[in-house]
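# Descriptive structure summary
Okay, here's what each chain looks like letter by letter:
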Protein chains: 2
Amino acid sequence: MNPLHDITIKDIAQRLNVSVSTVSRALRGSTDIKKETRELILQVADELNYRPNPIALSLKDKKTKVIGVMVQEIANNYCSATIAGIEDYANKMGYQVLISQSHEKYDVEVTNLHLLASRRVDGIIITLSNETKNAAHLQDLIDKGIPVVMFDRVCEYLPSHKVIVDDCEGSYNATEHLIQQGYKRIAHLTISPSLAITQRRLKGYKDALKAYGIKTKKEWIIHCDFDPGHMEKDVRNLLLGPYKPDAIFSSVERLSMVCLKVMKQLNLKVPDDVAIAGFSDNPVSGFLSPALTSVAQPTFEIGQHAAALLISQIETKEKPKEYTTVQLKTRLDIRESSLAKKQMPADALQE
Amino acid sequence: MNPLHDITIKDIAQRLNVSVSTVSRALRGSTDIKKETRELILQVADELNYRPNPIALSLKDKKTKVIGVMVQEIANNYCSATIAGIEDYANKMGYQVLISQSHEKYDVEVTNLHLLASRRVDGIIITLSNETKNAAHLQDLIDKGIPVVMFDRVCEYLPSHKVIVDDCEGSYNATEHLIQQGYKRIAHLTISPSLAITQRRLKGYKDALKAYGIKTKKEWIIHCDFDPGHMEKDVRNLLLGPYKPDAIFSSVERLSMVCLKVMKQLNLKVPDDVAIAGFSDNPVSGFLSPALTSVAQPTFEIGQHAAALLISQIETKEKPKEYTTVQLKTRLDIRESSLAKKQMPADALQE
DNA sequence: TTGTACGCGTTATCAC
DNA sequence: GTGATAACGCGTACAA
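To keep things clear, this report deals only with the structure shown in the data block. Since the model is a prediction, treat every value here as computed from it, not as a measurement. (Residues numbered from 1 in each chain as written. Chains lettered and ligands numbered in written order. Predicted model: local features only at pLDDT ≥ 70, side-chain atom pairs only at ≥ 80, totals over all residues. Heavy atoms only, no water.)

## Looking at the overall build of chain A
Tallying secondary structure elements over chain A gives 14 helices and 12 strands in all. Against the globule reference of 20 Å for 351 residues, chain A gives a C-alpha radius of gyration of 27 Å, more extended than a compact globule. Over its C-alpha atoms, taken along the principal directions, chain A stretches across nearly 90 × 40 × 40 Å. In chain A, which comprises 351 residues, the share counted as buried stands at 50%. Look at the contacts in chain A between residues 6 or more apart in sequence, and 71% of them connect residues 24 or more apart. Carbon and sulfur atoms provide 52% of the accessible area of chain A, an area that totals close to 16,700 Å². (Helix = DSSP H or I, 4+ residues; strand = E, 2+ residues; numbered from the N terminus. Rg over C-alpha atoms; globule rule 2.2 N^0.38 Å. Buried < 20%, exposed > 50% of the residue type's maximum accessible area, 1.4 Å probe, protein only. Contact = heavy atoms within 4.5 Å. Areas by Shrake-Rupley, 256 points an atom, 1.4 Å probe, with all protein chains shown as cover.)

## A word on helix α3 (residues 35-47) of chain B
Residue and element names in this part refer to chain B. The first and last C-alpha atoms of α3 sit 18 Å apart over 13 residues, in line with the 18 Å expected at 1.5 Å per residue. Within α3, burial applies to T37, I41, V44 and A45. Taken down its axis, α3 places every buried residue within 105° of arc, on the same side. In this structure, α3 carries K35, E36 and D46 as exposed residues pointing more than 90 degrees from its buried face. The secondary structure elements touched by the buried residues of α3 are α1 (9-16) and α2 (20-28). (Expected span 1.5 Å × (residues − 1). Arc of directions from axis to C-beta.)

## Focus on the side chain of A:T299
Residues and elements named next belong to chain A. Looking at where T299 falls in the secondary structure, it is placed in helix α13 (residues 299-316). According to the relative accessible area criterion, T299 is buried, its value standing at 14%. Setting aside anything within four residues of it in sequence, one finds T299 in contact with Y78, A81 and T82.

## Points about the relation of the copies chain B and chain A
Superposing chain B onto chain A takes a rotation of 180° combined with a translation of 0.0 Å along the rotation axis, leaving an RMSD of 0.2 Å. In short, the pair behaves as if placed about a two-fold rotation axis. Among all C-alpha atoms of chain B, that of B:L98 lies closest to the rotation axis, at 2.6 Å. Looking at the interface residues of chain B, 96% of them are also at the interface in chain A, so both copies use one shared face. (Least-squares fit on C-alpha atoms with pLDDT ≥ 70 in both.)

## Some points on the sheet that holds strand β10 (residues 292-296) of chain A
All names here are of chain A. Read from one edge of the open sheet, 6 strands run β7-β6-β8-β9-β10-β12, paired in mixed fashion. Both outer strands of the open sheet, β7 (221-223) and β12 (331-333), are each paired with one neighbouring strand and no more. For this sheet the average axis-to-axis angle between neighbouring strands, irrespective of direction, equals 20°. Where β10 meets β12, 3 bridges bridge the pair, whose relative direction is antiparallel. Along β12, the bridge assignment pairs S294 with D333. Helix α9 (residues 196-211) rests against β6 (186-190), β7, β8 (247-250) and β9 (275-280) of the sheet, and its axis sits at about 175° to β6. Taken strand by strand, helix α10 (residues 228-240) contacts β6, β7 and β8, and its axis lies near 170° from that of β6. (Pairing = 2+ DSSP bridges. Axes fitted to C-alpha atoms, helices over the stretch in contact; angles between N-to-C directions.)

## As for the pairing of β6(A)
Residues and elements named next belong to chain A. For β6, the buried fraction is high: 5 of the 5 residues fall into the buried class. Of the two faces of β6, the one holding I186, H188 and T190 and the one holding A187 and L189 are both buried throughout. Pairing of β6 with β8 involves 4 bridges; the strand directions are parallel. If you follow A187 over to β8, its bridge partner there is I248. Judged from the 3 bridges that link them, β6 and β7 form a sheet pairing that is parallel. Bridge pairing links H188 to I221 in β7.

Set out below in structure tokens:
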């Protein structure tokens, strides 16, 4: 017997002198089949360690039981954590996951989506690349009958389910936490004002200040260029300038890191001199910098929800009448050492 | 025209009133075919946006152009960074990557390897789970004719290509760096002494001390339990005990982090009070803690090499006569602020 | 209850 | 040069 040869129903049929269809029936648990025959077949199948060939099934049924996932970079922590959630749910439902990366390039995204489609994946979960400005390529997929679910960087008007995070609330909570700790001169570091994410996080910050009767100050809302050099300069200017804050809420992890670095250079302590809170993708960051209060994204749950929405759509085989947008809550990670000494009773502040 | 219907060579054939075999030939670039016919076919194929169905090809050729990757956790930074390297090379060669996780469980590893095999992946790249003590399940795959390449946590005696990192040299370099910075009381924090990785990294540490004529001290080689609580206690004992070091070389990232945390609690400064160098998986850690000198793993290259070895084996279709073990060098990331003031000329030390 | 024949999309091997 | 046909592995409608 050739070990390189996968065994098929044909092999079992030959061995038992029955037809392939009998074997097929027995394996599929069809009722109308003689009990002895079936048990014999099942026994031999087990003996030969038979595994149905999913490729033959795919060809027949036009279903691959594979879902495609398109992210910017698999090495990006946010992405891989989300993929873990997708895998979790998908595997439970008998699906495998094929991963593809856009490397933040629109062209690559288009090309690789084609590749996934030509692999006949049953559906696609995607977070858009930086460069992607329109969703025509995704509309194409949907038109071809391939279900699409978006997460994180979604395209509002695309007819698909979406999974996002309540940035605004996350920002609000982080800012509120700083306020409740007794800080009043709270700056907000963020990135390009044109991004939707920037706007939502800025809103949460403003709303929190407003709710506690603190005036917003232009000088404390800083839109940094994403270039690391610029970032450092901006942070340094803020910390050394006339409007030195006593706390900073940063909208992206990178900016929190830059803050830590610059503060170290300036010999400032966190949180005693300036407290920091900010969004964080990396579970290590909290451990590394226990002074940091972070708004953690529920990445695993995002993945699970996305997979659930996709698979449900795949298996009902119809375009949904309406598309749902799942909005998940962030989690505020407050670490002991991020609690400053200057803390005062929260109710004293309420007045 | 039904948009849900993938177009096939049959469609093209019908449209041009030729047979499917003619279309197939034209598409495959066969020589014996009339030039006009071919061009017509190519044109229509392009027009209809024809994509060959890889599933049909797989069924016929028993090749899926998919490679399976088995890691502990995709959300683990080391793993996802390696996968990025695998993807890079594999995609260039026209392969897609199917990822599977063992979650550090032997049983799950076995089950999911079966799943990959039954998906008919052309080959498998794997790093073993913690629990895996033997490689019988991998030997099975190899016996079935599925090429296997191992990386990181490899099994020495398995007949497969392997990609590993020169831990010993990495340890040596880090320790040497500390010595050259002027440190002499260098402790080594590490984990279970029974692990191969522990032994290799310990050896590099010892070798470096020896090379510079520094005696090894038992009290400075600490095998910590992997439990976080124990780790902290061990580190605290070291720093407060009679054999307080002036530098620490830690064999795993986690221990470096614990050091930073405990030192902060004790109000000790890095590197002024105690310098730290250690292995690191996470690119963020260096940024977060600029005082840390880290031994960085060439994860991307590990992935690329593993994929290259696997694909080459897949495409030659024969079992290799001998198996290669690629051993990659680590990279020592020295950051400005990790250079202590106590630095003295290296040559003064050589005497 | 079981066997035969077909189709999924493609290529290779014939025959014309 | 081109067309018809078998084969890959499976499930199933149909025939027996």
